[in-house]
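# Chains, contacts and geometry: an overview
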Amino acid sequence: MDIKSPAVGKVLRLSVEAGAQVVRGDEVMVIESMKVEIPVKAPASGRLAEFRVKAGDQIQRNFVLAVIDV
């Protein structure tokens with residue numbers, strides 16, 4: 001399952017490591033959009049298979065940020 005960006009902005013930080021188990025609603029990263037910090041949460045429980053971004057990356061709305069194996 002893909003985790004997509006809710007807005008245009010920049011990745012501030014990753015909150016978990018790739019390979020970690022996450023529960024639906026867990027914060028996986030924080031992005032900044034128009035000087036507002038937006039937590040990005042896991043849409044489902046599973047293993048965070050990979051991040052497709054790193055801190056500092058510029059992102060567009062609906063860009064795939066990470067993938068969860070459910």
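Quantities reported herein were computed from a predicted structural model and do not represent experimental measurements.

### Some points on the sheet that holds strand E1 (residues 2-4)
Remark on secondary structure: sheet strands pair via backbone hydrogen bonds, oriented parallel or antiparallel. As summarised here, the arrangement of the four strands in space is E1-E8-E6-E3, forming an open sheet in which the pairing is antiparallel. Taken across any chain shown, the strands that pair with only one partner, and hence form the sheet edges, are E1 and strand E3 (21-22). Inspection of the sheet shows E1 paired to strand E8 (residues 64-69) by three bridges, in the antiparallel sense. Looking across to E8, one finds that Lys4 is bridged to Val64.

### Here's the deal with the environment of Glu17
Checked against the element boundaries, Glu17 lands in the loop between strand E2 (9-14) and E3. When its relative accessible area of 64% is taken as the criterion, Glu17 is described as exposed. When the C-alpha atoms of Glu17 and Lys4 are compared, they prove to be 17 Å apart, with 13 residues separating the residues in sequence. Discounting chain neighbours no more than four positions away, the residues touching Glu17 are Leu48 and Phe51.

### Concerning the side chain of Ser5
Here Ser5 lies in the loop between E1 and E2. When near neighbours in sequence (up to four residues on either side) are disregarded, Ser5 contacts Ile31, Ile59, Gln60, Arg61, Asn62, Phe63 and Leu65.

### With respect to the pattern of salt bridges
Under the criterion given, the structure shown has four salt bridges. Between Asp57 and Lys54 there is a salt bridge, with the nearest N and O atoms lying 3.1 Å from each other. For Lys54, a relative accessible area of 53% translates into the label exposed.

### Points about the nonpolar core
Of all hydrophobic cores here, the largest spans 15 residues; its most connected members are Ile3, Val28, Met29 and Val40. Those elements that provide at least two residues to this core are strand E4 (27-33), strand E6 (46-51) and E8. Setting aside its immediate chain neighbours within four residues, Met29 contacts Arg13, Leu14, Ser15, Ile38, Pro39, Val40, Phe51, Val53 and Leu65.

### A short note on the sheet that holds strand E7 (residues 58-59)
As summarised here, the arrangement of the four strands in space is E5-E4-E2-E7, forming an open sheet in which the pairing is antiparallel. Since the sheet does not close on itself, it has two edges, and those belong to strand E5 (36-41) and E7, each with one partner.

### As for the pairing of E2
Where a strand is regular, its side chains alternate between the two sheet faces. Relative to E7, E2 runs antiparallel, the two being bridged by two bridges. Paired with Lys10 across the strands is Gln58, a residue of E7. Examined bridge by bridge, E2 and E4 share four bridges and lie antiparallel to one another. For Lys10, the partnering residue across the bridge sits in E4 and is Glu32.

What counts as what
Residues numbered from 1 in each chain as written. Predicted model: local features only at pLDDT ≥ 70, side-chain atom pairs only at ≥ 80, totals over all residues. Heavy atoms only, no water. Pairing = 2+ DSSP bridges. Helix = DSSP H or I, 4+ residues; strand = E, 2+ residues; numbered from the N terminus. Buried < 20%, exposed > 50% of the residue type's maximum accessible area, 1.4 Å probe, protein only. Contact = heavy atoms within 4.5 Å. Salt bridge = Lys/Arg side-chain N within 4 Å of Asp/Glu carboxyl O. Core = buried A, V, L, I, M, F, W, Y, C linked by side-chain atoms within 4.5 Å.

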